[in-house]
Amino acid sequence: LSIERVWLDDTDVQLLISNLNSDLYSRYPEPGALVFSLESADLRDGVGLLLMAVLDDEPVGCGAFRVIDDRPGSAEIKRLYVTLAGRGKKIGSALLAELERRAVGIDRFALEFGPRQPEARAMFESAGYVVCEPWGPFVGKDLSICMEKALPTG
């Protein structure tokens, strides 16, 4: 398994994100249930990062983080996804760990997912994330579960 930095215009990561969106729309068909927000400007050095996992020359997952503007030292995990072929191989956990490792200057990660993603909750809990109060676009959203984790400093 290799995990490399990529950009939103990478065709492989675009396909992964498209597959993620399809999966999320199938789980959450309700209007307004989903909030997508990740732009190229979010991925500049010091602001955010997008990673792609490749196994046996096949893209099998992606994940990103971006700084939360109104919460100094905090970043949000975005677009964490593993293909059906890649699931069950700890690729999501490896992507999450690599995002945490590369989060220079960040002391807290936060994330959001929905209740129809029990596999995501299990992975985040096993990585030390705990449920927290919703923030920003997730306040008042019945289909949002927010979690956070303090990252080691130094």
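Above: the structure in question.
Residues numbered from 1 in each chain as written. Predicted model: local features only at pLDDT ≥ 70, side-chain atom pairs only at ≥ 80, totals over all residues. Heavy atoms only, no water.

**Q** Tell me what's going on with the environment of Y28, and back it up with residues and numbers.
**A** Examined against the element boundaries, Y28 turns out to sit in the loop between α1 (11-27) and β2 (48-55). The buried category is assigned to Y28, whose relative accessible area is 2%. As a C-alpha pair, Y28 and G114 span 86 residues in sequence and 8.4 Å in three-dimensional space. (Helix = DSSP H or I, 4+ residues; strand = E, 2+ residues; numbered from the N terminus. Buried < 20%, exposed > 50% of the residue type's maximum accessible area, 1.4 Å probe, protein only.)

**Q** An account of the nonpolar core is needed here, citing residue identities and associated values.
**A** With 26 residues, the main nonpolar core has F65, I77, F109, F124 and Y129 as its most contacted residues. Elements supplying a minimum of two residues to this core: β2, β3 (58-67), β4 (74-82), α2 (91-101), β5 (108-113), α3 (118-126) and β7 (145-150). I17, A33, L38 and M52 belong to the second-largest nonpolar core, a separate cluster that totals 16 residues. (Core = buried A, V, L, I, M, F, W, Y, C linked by side-chain atoms within 4.5 Å.)

**Q** Help me get a handle on the side chain of R27, residues and values and all.
**A** By secondary structure assignment, the location of R27 is in helix α1. Leave out the neighbours within four places in its chain, and R27 touches R87, R116, Q117 and E119. (Contact = heavy atoms within 4.5 Å.)

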